[in-house]
Amino acid sequence: MPQQPHQPPEDHYTGQYEYKYEYEYEDGNALAGPLAEILAVDPTTVLGRCTGCGSDWPLARLHVYAHAPGYVGRCPDCDHVILRLVRSPDKAWLDLRGTVALTFPLGT
Ligand SMILES: [Zn+2]
C-alpha cells in the first residue's frame, strides 16, 4: 500500500502565513504614543527583572553608583549591572541590557 504524502494539520504554520505578515509593519513612529505613555510614569514605581539572577525588584531598590561619568544601577540581589545612564548637555544614553523587561504601572 503506497504511503500518503505528508499533509500538515489544519492549523499548521504555513509559509503563506509567514509571508503575509512579514511585510506588515509600521515604522518606529508607531511607538511614539505608547512609549511616551510609559516613560511619563514615576521611575521609582517601575518593576524590573535581572538577567543575572532573575529576581524582580522595583527600580528604587537598585544599588546606584553615581560617581562615574554616568549612573550604574546594579541588582540588589546579585550585583549584576542592570542599567547604565549617561548624560551630556544635549543627549542621554540608557543601556538596559541587564534587565529582562521593565513593567510600568499605568493608571487606568
Ligand atoms: Zn540579579
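Residues numbered from 1 in each chain as written. Predicted model: local features only at pLDDT ≥ 70, side-chain atom pairs only at ≥ 80, totals over all residues.

(A) Structural context of the nonpolar core. Counting residues in hydrophobic clusters, the biggest one holds 5 residues: Cys-50, Leu-62, Cys-75, Ile-82 and Leu-83. In contact with Ile-82, not counting residues within four places along its chain, are Gly-48, Cys-50, Leu-62, Gly-73, Arg-74, Cys-75, Gly-98 and Thr-99. (Core = buried A, V, L, I, M, F, W, Y, C linked by C-beta atoms within 7 Å. Buried ≥ 20, exposed ≤ 12 C-beta atoms within 10 Å, placed from the backbone. Contact = placed C-beta atoms within 7 Å.)

(B) Seen up close, the sheet that holds strand S4 (residues 71–74). Across the sheet, which stays open at both edges, the 4 strands sit in the order S3-S4-S5-S6 with antiparallel pairing between neighbours. Taken across any chain shown, the strands that pair with only one partner, and hence form the sheet edges, are strand S3 (63–65) and strand S6 (92–95). Ignoring which end each strand starts from, the neighbouring axes of this sheet average 15 degrees apart. As paired strands, S3 and S4 are joined by 3 bridges and run antiparallel to one another. Considered in S4, the bridge of Val-64 is made with Gly-73. (Pairing = 2+ DSSP bridges. Helix = DSSP H or I, 4+ residues; strand = E, 2+ residues; numbered from the N terminus. Axes fitted to C-alpha atoms, helices over the stretch in contact; angles between N-to-C directions.)

(C) Examining the sheet that holds strand S1 (residues 47–50) more closely. Overall, antiparallel pairing links the 3 strands, which are arranged S2-S1-S7 in an open sheet. Each edge of the open sheet carries a strand with a single partner, namely strand S2 (56–58) and strand S7 (99–103). Direction aside, the axes of adjacent strands within the sheet are offset by 25 degrees on average. Pairing of S1 with S7, which is carried by 3 bridges, proceeds in the antiparallel orientation. Across the sheet, the residue bridging to Leu-47 is Thr-103, located in S7.

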